[in-house]
Amino acid sequence: MKKAVLIVISVLALLLCGCQTKEQNNMNNSDNKTVLFINGVNDADVWILPQTKANLKTTVWGKATASKVKKGESRQAPLCEAGDNGHFLFRMIDTDSFYYSANDLALEADWTLEIKENDSRDITLIVTDKNGELKNKYEVFAAKL
């Protein structure tokens, strides 16, 4: 009986961990488009996702777009196809168990996303184009998990 229960639990765990939503399957980066992510907050895992209704309702994002990005480090991250209205979601979880999120991001290949903490402890995501010109600043929601 114990063996059967262990097998069932193992199969369920594999199914739950290995399954991806349709949106996550569409996050494949077939064109090798990337963005540069600069982490100015804390060591963290980062997800850049297509903004879809399904992705807005889930907390399961699959494999991180950029994992274990140290504070002060920059990293090329794959850019998937945009979601609804051409927008993206930004999600980040740092090593101190803080969760960061921003919605409605407009991004293109070769652009830069830099997350920064201001003097007032506000978190901002700054997006610049490939020429370094400011495209937008997004307020980032941040909370301890």
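Predicted model only: the values in this text are computed from it and were never measured.

1. Topic: the overall build of the protein
Next, step 1: Across its full length, the protein carries three helices and nine strands.
Next, step 2: Along its sequence from the N terminus, the protein presents helices and strands in the succession α-α-β-β-α-β-β-β-β-β-β-β.
Next, step 3: Considering only contacts in the protein between residues 6 or more positions apart, those separated by 24 or more positions represent 59%.
Next, step 4: Roughly 9100 Å² of accessible area belongs to the protein as shown, and the carbon and sulfur atoms make up 52% of that amount.

2. Focus: the layout of surface pockets
Next, step 1: Space inside the second largest pocket adds up to approximately 190 Å³.
Next, step 2: Forming the walls of the second largest pocket are 13 residues, and the residues nearest its centre are Phe98, Tyr100, Glu117, Arg121 and Ile123.
Next, step 3: Of all the secondary structure elements, the ones that give two or more residues to the lining of the second largest pocket are strand E6 (98-105) and strand E9 (134-144).
Next, step 4: Ranked by the residues each element gives to the lining of the second largest pocket, the list is headed by E9, at three residues.
Next, step 5: Of the residues assigned to the lining of the second largest pocket, the class counts are seven nonpolar, one polar and five charged.

3. As for the environment of Ile38
Next, step 1: With respect to the helices and strands, the residue Ile38 is situated in strand E1 (residues 34-40).
Next, step 2: Ignoring any residue separated from it by four or fewer positions in sequence, one finds Ile38 in contact with Glu73, Ser74, Thr112, Leu113, Glu114 and Ile115.

4. Quick notes on the pairing of strand E5 (residues 88-94)
Next, step 1: Burial runs high along E5: six of the seven residues are buried.
Next, step 2: For E5 and E6, the ladder comprises five bridges, and the chain directions are antiparallel. Within E6, the position partnered with Arg91 by the bridge is Ser101.
Next, step 3: The loop that links E5 with its antiparallel partner E6 comprises three residues; one of these, Ser97, has a positive phi angle of about 65°.

5. Quick look at the nonpolar core
Next, step 1: Membership of the largest hydrophobic core comes to 26 residues, with the highest contact counts inside it found for Ile48, Phe90, Met92, Leu105, Leu113 and Ile115.
Next, step 2: The set of elements that each furnish at least two residues to this core consists of E1, strand E2 (44-50), strand E3 (66-69), E5, E6, strand E7 (112-117), strand E8 (123-128) and E9.
Next, step 3: Residues within four places of Ile115 in sequence aside, it is in contact with Phe37, Ile38, Asn39, Gly40, Val41, Phe90, Met92, Tyr100, Ile123, Thr124, Leu125 and Val140.

6. Here's the deal with the pattern of salt bridges
Next, step 1: Summed over all chains, the structure comprises two salt bridges.
Next, step 2: Residue Glu73 is joined to Arg75 by a salt bridge in which the shortest nitrogen-to-oxygen separation is 3.4 Å.
Next, step 3: Using a relative accessible area of 27% as the deciding quantity, one classes Glu73 as partly exposed.
Next, step 4: Note that Arg121 and Glu117 form a salt bridge whose closest N and O atoms lie 2.6 Å from each other.

7. Description of the confidence of the model for the protein
Next, step 1: Per-residue confidence for the protein averages 84 on the pLDDT scale, and 79% of its residues sit at or above 70.
Next, step 2: In this model residues 2-27 is a low-confidence stretch, pLDDT under 50, and it forms 17 contacts with partners more than four residues away in sequence or in other chains.

8. Some points on the packing of aromatic side chains
Each aromatic ring pair is described using two quantities: the centre-to-centre distance and the angle formed by the ring planes.
Next, step 1: Counted under the stated rule, the structure contains five aromatic pairs.
Next, step 2: Both rings, one in Tyr99 and one in Phe141, keep their centres 6.2 Å apart while their planes meet at 65°; by these two values the pair is edge-to-face. Of the two residues, Tyr99 is situated in strand E6 and Phe141 in strand E9; the sequence distance between them amounts to 42 residues.
Next, step 3: With relative accessibility at 48%, the residue Phe141 sits in the partly exposed group.
Next, step 4: What links up through ring pairs into an aromatic cluster is the set Trp47, Trp61, Tyr99 and Phe141.

The rules we used
- Residues numbered from 1 in each chain as written.
- Predicted model: local features only at pLDDT ≥ 70, side-chain atom pairs only at ≥ 80, totals over all residues.
- Heavy atoms only, no water.
- Helix = DSSP H or I, 4+ residues; strand = E, 2+ residues; numbered from the N terminus.
- Contact = heavy atoms within 4.5 Å.
- Areas by Shrake-Rupley, 256 points an atom, 1.4 Å probe, with all protein chains shown as cover.
- 1 Å grid on protein atoms, 1.4 Å probe; cavity = no way out; pocket = protein on both sides within 12 Å on 5 of 7 lines; lining within 4 Å.
- Points joined across faces, edges and corners; volume = space filled by probe spheres on them.
- Nonpolar A, V, L, I, M, F, W, Y, C, P; charged D, E, K, R; others polar.
- Buried < 20%, exposed > 50% of the residue type's maximum accessible area, 1.4 Å probe, protein only.
- Pairing = 2+ DSSP bridges.
- Core = buried A, V, L, I, M, F, W, Y, C linked by side-chain atoms within 4.5 Å.
- Salt bridge = Lys/Arg side-chain N within 4 Å of Asp/Glu carboxyl O.
- pLDDT = per-residue confidence, 0-100.
- Phe/Tyr/Trp six-rings, centres within 6.5 Å; stacked < 30°, edge-to-face > 60°.

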